Amino acid sequence: MPEGLSSILDELARLPEGARGSAWDEVLRPGAIVGRFELLSELGRGGFGQVWEARDTELGRGVAFKAVRASTDRGTVDEQLLREAEAAARLSHPNIVTLYDVGRCEAGPYLVLELLRGQTLSARLGQGELGIAEALRIAHAVAEGLACAHRQGVVHRDLTPGNVFLCPDGQVKVLDFGLAHAFGRRRVDGGTPAYMAPEQWRGAPEDERTDVFALGVMLYRLLSGRLPFPEGDRGKAASRVRAPPALEVPGVPAVGTLIARMLSKDPVHRPRDAGDVAAALAAFRGELERTPPAPGGPVRAHRRLARWWPVALALLLVAGLALGLAYRRGVAPPRELAAVPSERITVAVADFVNQTGDPELSGLSGMLITSLEQSRRLAVLTRVRMLDLLRQLGKESAGGVDEPLGREVARSAGARALVLATIHRFDQLYAIELKALDPDTSEYLFTLKEEGRGKASVPGMIDRLSERTRTLLRETPAEVKASRVQVAAATTGSFEAYSAYFHGEQAMDATRYEEALAGFRRAIAADPSFSLAHYQIAYLGEFTGLDAATRKAEIEEALRDAQRAPEKERLLIRAWKAHMDGRNEEAHGLYAQAVAAYPQDKDALYMAADLYFHEGRTEEALPLFERALALDPTWEPALLHLMDSLFSMGRGAELEARSRRWVEQAPASAAAWRARAQGAEAAGRMEDAVADDRRALELDGGHHSRAALADALALAERYPEAEALVRPSAERGQGLERIKGLYLLANQLSYQGRLREAQRALDGLPRELPMTPEHSAQRLAFLLGDRSQDAARAEALRLWKAPKPHWGGLPLALELSGAAEEAKAAAAELPPGEGRQLFDAAAAWRRGERAAALGSVRALAERPSLDVRGPALWLLGEWALASGRDAEAAAALERFRRVPGGVARSWMYPRSFYLEALARERLGERHGAREAADHLLRLWARADADAPYLAEVKALRRRLGPQEPAR
């Protein structure tokens, strides 16, 4: 974060206005130098300052230089705004303009920002209509930027088209985020009244929903070409009683409903924050892409009273038609749903009541849900989602969803309809009776019945019931036809296969992965063409040690019949195939489509997040994990990944708080105790971490808990205990347990300087067990500690030449091991960010650009991400020592040892004591040098006689002489 922001704000709060305004007028001219910035030309005025194009004379890049003029209202800068301004300076998101630096000169404070080319949204609106798709794209990008800020506790308070910038490449940027208000500009003084929420006019407290209101006004204008409230109403926002004209948006009618919520007078009725708006807009954009509006269909705005008479007439006609059909088909007449026709109706489906005595027909609810999910008018709760809700309602032991539980789930989720079905058998005649009821009133909406001869007729009955249900829940026949799917063709025609698959999915959700794999294999045995079962094996196999050849064969089988699969599953299959082929950006795009189309599906959210997570892109993974957990707050896979993300990002306080809540909610969960141990590690309380991990191992006895305890013991320098703990897994474990056991054993031996034994553990690994890219990366990180670098270089080159995907740290590993050309090629695939910056620093060091390399790692060593801070501190210690900056080296190495985590730490940690001893010897700090050397010798009491640096540290210790007696 830029330094000095608080003091600048504080200065603005105290110095008289006259001391600053005229001073800037004398400074701002072409060619003027302010700090290291040369002013080139004025770009504009407004907001809370004057903006110039400038050149950073040190970095040689163009920037936007903003001279800050303070408000005359001294009361606006307070402690809350200081905190918000500092948080705004930390914001990093593609849809938020980047704040590079802050500073001050005699004329006053200034900001240095990313230089943008293009025009403001305000200017673009003056040039004509945008079109529905472009309007939604811009609003979605603004919402994504706002959502990032809202997650950090920052509220914009001044969101208008003038603060949104459109770049020529299509990028959308939000300007002045959280800083305009903090620097003393009040919206009532200089803002745009049309975008102000009622609470702002009243002077009431503001929060994220204030920005949601402004975004609602903006979206209304983008779509309709005009503002939602008449000119005369704007100053009366605090007492508005009349809602704005409703919008009808062709192709995405639910957008009008969303905007109406965003413009609610009462903040309670608005979406909670921009994250909710962004998720909805993403879904609407996906819907628009699938079904573009007919040409010539403009957005229409009209008063709400005027809209209801044609709708009511249409509903009466539909109701009359359905009534006639119902009596002719022998079913109860449907009761009308009181809902806006464009609103998506949430539907829950209880488990079928199976009165046939055939256990293979017990999973039919899953088939019906799959069929109903194809609707664009219904939001269907998956069975997993319903079980999640039951757990949240305190029904942890519920193994199914019967009618009473279904009513509870439906009410909890705000469902408008609960579908109940019973299947009967009379000799060869099968019948399914379906009832839909209102869960709030328990009144029946309609009842349906289908019959067929033979078991093979059941899927067809489900298809017909699904189509009739969709029609009675207000879907047009054309819409039903457009998204019709034959459930047997989309899944399997074998009830034996579907039953096994159904139970596999249940086991998978409960994280019983071996049981889940067994279920999916049984499904394939019954139906070899069952693509969903093949896909699940390919997916789970990556995390359970299944060899690459088997996983590849399974995904190919899944893809062979993927076109028959339902849309959501088809997207997930294609995404996983793209990932397995190394096309991760394509996979991200496919997952984004799945998340947009099915925002209530926790599996789609989790898979999208998980891919980012394993690429080291935790900033992008975190909000998706959060959304998955909003659906199921106790879902262990998402919780564990969320905790790992917070840990690697250095957000220790948040990690501790959340992990403690998890333990309180689930005191018998080993995963919760492991998460709490992570929080203790992040806070430097290693013995507390050992105790928490030991409790986790007592609870489940699993290899995950054993591995976590071994890591905690290593951080506490209790290596013999850790070694004894992991040897059984390394020597007698099976599959993935043995892979992890061997790595853990190698780590513990490496910490002790027993490198020959550690190497033997690693050497046997590839020949005995399948290696994933992640495990190859761990091996490479370990080998980087080899003094000759030959083994590390060979492993890095092998990984570089292997089929993708590659490890994100591979370019840096190639560079550090001396494979410069390959490192350069690998780095070309790195996205901008901290990983790329770390690589660039290493490349600069190799080229002899020592000052630049040191400057880069100094900056990276201050980043919160532990994945970056640890390597940066290590390189800073090594490079500072090599540059004769001994005090800086010693300080960096001491800080490095307080950063937990990482395979490479097993050789970096002991070596750091030797390097620190060298640095302190040069500084003349003989006592400190002796302490560091003695510490390493204690750790290496059983080290190999020829362990790297052992002879050197012993020679150093002799030079330092005996320890001085304590005074």
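What counts and what doesn't
Residues numbered from 1 in each chain as written. Predicted model: local features only at pLDDT ≥ 70, side-chain atom pairs only at ≥ 80, totals over all residues. Heavy atoms only, no water. Phe/Tyr/Trp six-rings, centres within 6.5 Å; stacked < 30°, edge-to-face > 60°. Helix = DSSP H or I, 4+ residues; strand = E, 2+ residues; numbered from the N terminus. Buried < 20%, exposed > 50% of the residue type's maximum accessible area, 1.4 Å probe, protein only. Pairing = 2+ DSSP bridges. Salt bridge = Lys/Arg side-chain N within 4 Å of Asp/Glu carboxyl O. Expected span 1.5 Å × (residues − 1). Contact = heavy atoms within 4.5 Å. Axes fitted to C-alpha atoms, helices over the stretch in contact; angles between N-to-C directions. pLDDT = per-residue confidence, 0-100.

Can you help me understand the packing of aromatic side chains in this one?
The geometry of an aromatic ring pair is captured by two quantities: the separation of the ring centres and the angle between the planes. Inspection of the entire model under this criterion finds 19 aromatic pairs. Residues Phe-37 and Tyr-110 carry aromatic rings whose centres are separated by 6.3 Å and whose planes lie at 75° to one another, so their mutual orientation is edge-to-face. Pair noted here: Phe-37 is in strand β2 (residues 37–46) and Tyr-110 is in strand β6 (residues 108–114), with a separation of 73 residues, a long-range link. Of the two residues, Phe-37 and Tyr-110, both sit in the buried class.

Please explain the pairing of strand β5 (residues 99–105) as it appears in this structure.
For a regular strand, side-chain orientation follows a simple rule: the groups alternate between the two sheet faces. As paired elements, β5 and β6 share six bridges and run antiparallel to each other. Opposite Asp-101, over in β6, you have Val-112 as the bridge partner. Between β5 and β6, which pair antiparallel and follow one another directly, the connecting turn spans two residues.

Is there a simple way to think about the pattern of salt bridges in this case?
In a structure, side chains of opposite charge can pair up when their charged atoms sit close to one another. By the definition in use, this model includes 54 salt bridges. Of the charged contacts, one joins Glu-134 and Arg-137 as a salt bridge, the two residues approaching to 3.0 Å between their closest N and O atoms. Of this pair, Glu-134 and Arg-137 both sit in helix α5 (residues 132–151), three residues apart, which is roughly one turn of the helix. Here Glu-723 makes a salt bridge to Arg-754, at a shortest N to O gap of 2.7 Å. With Glu-723 in helix α32 (residues 719–732) and Arg-754 in the loop between α33 (736–751) and α34 (755–763), this residue pair connects regions lying 31 residues apart in the sequence. Owing to a relative accessible area of 8%, Glu-723 belongs among the buried residues under this scheme. What makes Arg-754 buried here is its relative accessible area of 3%. Counted as one network, the salt bridges with shared partners bring together Glu-556, Lys-577, Asp-581, Arg-583 and Glu-586.

Even after reading the chapter, I still don't get helix α40 (residues 834–846), so can you show me in this structure?
Helical geometry note: an α-helix holds 3.6 residues per turn, so side chains three or four residues apart project in the same direction. For α40, with 13 residues, the first-to-last C-alpha span of 19 Å sits near the 18 Å given by 1.5 Å per residue. For α40, the set of buried residues is Leu-838, Phe-839, Ala-841, Ala-842, Ala-843, Ala-844 and Trp-845. Downstream of α40 by one or two residues, Gly-848 has phi in the positive range, about 90°.

Can you walk me through the sheet that holds strand β9 (residues 172–174) in this structure?
Spatially, three strands are ordered β7-β8-β9 in an open sheet, and the strand pairing comes out antiparallel. The open sheet is flanked by β7 (119–120) and β9, the only strands paired with a single partner. Bridge count between β7 and strand β8 (residues 164–166): two bridges; the pairing is antiparallel. Across the sheet, residue Thr-120 finds its bridge partner in β8, namely Phe-165. Against the sheet, α5 engages β8 and β9, with an angle of about 40° to β9.

It is not clear to me how helix α13 (residues 364–372) should be interpreted in this structure. Could you clarify?
Within α13, nine of the nine residues are buried, leaving the element largely enclosed by the surrounding structure. All of the buried residues in α13 are Leu-364, Ser-365, Gly-366, Met-367, Leu-368, Ile-369, Thr-370, Ser-371 and Leu-372.

I would appreciate a short explanation of unusual backbone geometry in the present structure.
One can expect most non-glycine residues to show negative phi and most peptide bonds to be in trans. A positive phi is found at Arg-157, a non-glycine position, where the angle reads about 75°. Here Arg-157 shows up in the loop between α5 and β8. The class for Arg-157 is buried, based on a relative accessible area of 8%. The backbone of Asp-427 sits at a positive phi, close to 60°, despite the residue not being glycine. Looking at the secondary structure, you find Asp-427 in the loop between β15 (417–426) and β16 (429–437). Here Asp-427 falls in the exposed class, since its relative accessible area comes to 62%.

Where do I start with the confidence of the model for the chain in this structure?
For any part of a model where pLDDT is low, the fine detail of the predicted coordinates should not be relied upon. Summarising the model, the chain shows a mean pLDDT of 80, and 83% of its residues fall at 70 or more. Under a pLDDT of 50 for its full length, residues 304–342 has, in the predicted model, 57 contacts with residues more than four places off or in other chains.

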